[in-house]
Amino acid sequence: GLGLSKKKDENFGEWYSEVVVNSEMIEYYDISGCYILRPWTIAIWETMQAFFDAEIKKMKIKNCYFPLFVSPSVLEREKDHIEGFAPEVAWVTKSGKSDLEVPIAIRPTSETVMYPYFAKWIRGHRDLPLKLNQWCNVVRWEFSNPTPFIRSREFLWQEGHTAFATKAEADEEVLEILELYRRIYEDYLAVPVVKGKKSENEKFAGGLYTTSVEAFIPNTGRGVQGATSHCLGQNFAKMFEINFENENREKGMVWQNSWAYSTRTIGVMVMVHGDDKGLVLPPKVAAIQAIVVPVPYKNTPMEEIYDACLKTVDTLTKAGIRAEADLSDNQTPGWKYSHWEMKGVPLRIEIGPKDLEKNQVRVVRRDNSAKEDIPVSTLVEQVQDILAKIHENLFNVAKEKRDASIKVAKTWEEFMEALNQKKMILAPWCDEQEVEEDVKKRTKGEIGAAKSLCTPFEQPELPEGTLCFASGKPAKKWTYWGRSY
Ligand SMILES: O=C1CCCN[C@@H]1CCCn1cnc2cc(F)c(Cl)cc2c1=O
Ligand SMILES: [Mg+2]
């Protein structure tokens, strides 16, 4: 029957799998780590894509499309860039019955695909800045436990690749894009994130520095990297000889960035807002924001009620609200309530005989189950207002839970206690790489080691003489630590 068999606070992993399937977002597939993304998912992806695509167009970034396939010589251009990643590269080795002369890699990311052409297209300073983005899929044959949206062998993303004459321009764009990622999480998905800088250990090895927005899943006590914006410095320019002649005819190498968010964003939203009745959709990304359900009463004529439902949908739609009516005649109202709650529709509007009499509708919120009778005359503005309140409430509840999961630790004991309480830890750190390596070793366990999540741009006061929680050396910064996806 309807309803989840697992509870979020009791069996999170199975609860999550059930929610993404029962809400009709995901269908499992016969190849491990691959999932079918159903329309309920794609509607969310398209809403975020519409926002992000419009924003990067304002920044004069142009969309392009590079091939899925990468030749080995190009992929392996820089040994140290990929040596750690080699095991997750997927290869095409045959066509039909015959072996390919040379196997061809499927892109896991597109630096090595694009940058030989950046070198060809960039000659003089007039060719700069070159700012490209592509919406595509990538394949990484990961072995750690696959999780729909969060960790899959193929996923959808956008990857931006830009080249500038100066570092200052690159630095500025890194943060402009990071702000767009914060807006995707906080303004669309109602998920609070922390903006910060990755450690030398956790940054993109091929780059100069990495910034990210970090989310947190209180139920599992794990951080999750929400999106990344890297400054690549001139490393790839050197590797691929991407240089240009500047105004005074000097040869210079370009300064590059690369940045991405993926369908992982959707998994974070499900984990943060979902409950024991199923998915809870933030209104901005809900394909249906209000579902109208007729409530028949013994012998009242159904036509009147159906007409009122269709009229309500029409009124709301005209006001730009995504509304639909569920007039299916083979399910009871109760069944419909459970079905649309499972799919996370933010608002349900019930219309029965007494609602007709009083020329009102009954509105029920998905986030807090609040019920309210609303006169038809003020329906549009009140529904708009309630949808805004739902977003705000989802964000505030998530932020409270996230903040309650943060513990400040100044000693190793405090750190370990908080880690075992599934917390995200804010600790003073000496910023030494081997100390981070040591933290990973000392926290290794079957549920994974702790690592640095980011050094938040918003730094609390660091009193003189504060010592590193792990090494006891003088601390240089406050950094978030935790287990992660
Ligand atoms: O995160 C982004 C933003 C968008 C463009 N790319 C960068 C860095 C990607 C790192 N990375 C991540 N995963 C990888 C997996 C691989 F198999 C290989 Cl060969 C390389 C990589 C790899 O470089
Ligand atoms: Mg990876």
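How each quantity is defined
Think of each chain on its own: its residues are numbered from 1, step by step along the sequence as written. Whichever chain is written first becomes A and whichever ligand is written first becomes 1, with later ones labelled in order. A pLDDT threshold of at least 70 governs which residues receive local features in this predicted model, and a stricter bar of 80 or more applies before side-chain atom pairs are shown or counted, although totals over entire chains, interfaces and linings include all residues. Neither water nor hydrogens contribute to the side-chain values; these are computed over all heavy atoms in the structure. Each helix is a run of DSSP H or I of at least 4 residues and each strand a run of E of at least 2, with the numbering of both proceeding from the N terminus. To get the radius of gyration, use the C-alpha atoms; to get the globule rule, take the number of residues to the power 0.38 and multiply by 2.2 Å. Between buried and exposed lies partly exposed: a residue is buried under 20% and exposed over 50% of the maximum accessible area for its type, with that area taken using a 1.4 Å probe on protein chains only. Only heavy atoms matter for contacts: two residues are in contact if any of them lie within 4.5 Å across the pair. All accessible areas in this document rest on Shrake-Rupley with a 1.4 Å probe, and a residue is counted as covered only by the protein chains that are shown. Asp and Glu count as negative and Lys and Arg as positive, but His and the ends of the chain are not part of the count. Charge placement uses NZ in Lys and CZ in Arg. For Asp and Glu, CG and CD serve respectively. Any residue with a heavy atom lying within 4 Å of a molecule or strand is counted as near it. Pairs of N or O atoms within 3.5 Å make up the polar contacts considered here, provided that, within protein, one atom can donate a hydrogen while the other can accept it, and that residues adjacent in sequence are counted only when both atoms are side-chain atoms. For this quantity, the arc is that covered by the directions from the helix axis to the C-beta atoms. When DSSP finds two or more bridges between two strands, those strands count as paired. For helices, the fitted axis covers only the stretch in contact; all axes are lines through C-alpha atoms, and the angles between them, taken along N-to-C directions, range from 0 to 180 degrees. Patch membership is restricted to residues that have no salt bridge and whose relative accessible area is over 30%. Joining uses 9 Å for like charges and 5 Å for the nonpolar side chains Val, Leu, Ile, Met, Phe, Trp and Tyr. A pairing counts as a salt bridge when a side-chain nitrogen of Lys or Arg comes within 4 Å of a carboxyl oxygen of Asp or Glu. For classification, angles of less than 35 degrees are called roughly parallel, those exceeding 145 degrees roughly antiparallel, those between 65 and 115 degrees roughly perpendicular, and all remaining angles oblique. Here is the rule for handedness: rotate from the far helix to the near one, and if that takes an anticlockwise turn smaller than a right angle the crossing is left-handed, while a clockwise turn gives right-handed. Under the scheme applied here, ten amino acids are nonpolar (Ala, Val, Leu, Ile, Met, Phe, Trp, Tyr, Cys and Pro), four are charged (Asp, Glu, Lys and Arg), and all others, including Gly, are polar.

Of regular secondary structure, the protein possesses 14 helices and 23 strands. Here the C-alpha radius of gyration of the protein, 26 Å, is about what a compact globule of 485 residues would show, namely 23 Å. Its C-alpha atoms give the protein principal-axis dimensions of roughly 85 × 55 × 50 Å. Split into buried and exposed, the 485 residues of the protein put 52% on the buried side. Considering only residue pairs separated by 6 or more positions, the protein has 68% of its internal contacts joining residues 24 or more positions apart. Of the roughly 22,400 Å² of accessible surface on the protein, 52% is carried by carbon and sulfur atoms. In the protein, 64 side chains carry a positive charge and 71 a negative one; their mean positions are 1 Å apart.

It is worth spelling out the site of ligand 1 at this point. Around ligand 1 lies a shell of 18 residues, among which Phe 85, Thr 109, Glu 111, Arg 140 and His 230 are the nearest. Here a nitrogen atom of ligand 1 sits 2.6 Å away from a polar atom, N or O, in the side chain of Glu 111. In the environment of ligand 1, an oxygen atom lies 3.5 Å from a nitrogen or oxygen atom belonging to the side chain of Thr 228. In isolation ligand 1 offers 520 Å² of accessible surface; the protein chains occlude 93% of this area. Those elements that place two or more of their residues in the shell around ligand 1 are α4 (79-82), β8 (154-164), β11 (222-233) and β14 (255-262).

Moving on to helix α13 (residues 412-420). All buried positions along α13 are accounted for by Trp 412, Phe 415, Met 416, Ala 418 and Leu 419. Looking straight down α13, one finds that the buried residues subtend no more than 165° of arc, so they occupy a single side. Turned more than 90 degrees off the buried face of α13, the exposed positions are Glu 413 and Asn 420. For α13, the elements touching its buried residues are β20 (406-408), β21 (424-429), α14 (433-442) and β23 (477-484). Downstream of α13 by a residue or two, Lys 422 has a phi angle that is positive, lying close to 60°.

What follows is about the sheet that holds strand β17 (residues 347-351). Reading across from one edge, β16-β15-β17-β18-β19 is the order of the five strands in this open sheet, with mixed pairing throughout. A single partner strand is all that each edge strand has here, and the edge strands are β16 (323-325) and β19 (371-375). Sheet twist, expressed as the mean angle between neighbouring strand axes with direction ignored, is 25°. Sheet topology note: the strand β18 (residues 360-365)/β19 ladder contains five bridges and is antiparallel. Its bridge partner being in β19, Gln 360 is matched across the sheet by Pro 375. Helix-sheet contacts for helix α9 (residues 302-318) involve β15 (290-294), β16, β17 and β18, and the interaxial angle to β15 is about 170°. Where helix α10 (residues 333-342) meets the sheet, it contacts β15 and β17, and its direction lies at approximately 170° from that of β15.

What follows deals with a nonpolar patch on the surface. A cluster of nonpolar side chains, contributed by Tyr 29, Ile 31, Ile 36, Trp 141 and Phe 143, occupies part of the molecular surface with about 500 Å² of accessible area. Within the secondary structure layout, Ile 31 lies in the loop between β1 (26-28) and β2 (35-37).

Let us look at the packing of helix α2 (residues 39-58) against helix α8 (residues 264-273). It is at 10 Å that the axes of α2 and α8 come closest, and there the two elements cross at 115°. Comparing the axis directions of α2 and α8 gives the class roughly perpendicular. Considering how the two elements wind past one another, α2 and α8 form a crossing that is right-handed. Contacts from Thr 41, Ile 44, Trp 45 and Met 48 in α2 reach Thr 265, Ile 266 and Met 269 in α8. Considered class by class, the residues forming the contact of α2 with α8 number five nonpolar, two polar and no charged.

Judged by pairing direction, the sheet is antiparallel, and its three strands sit side by side in the order β4-β6-β5 without closing on themselves. Single-partner strands in this sheet number two, and they are β4 (69-70) and β5 (91-95). The pairing of β4 with strand β6 (residues 98-106) spans two bridges and is antiparallel. Paired with Phe 69 across the two strands is Ile 106, which belongs to β6.

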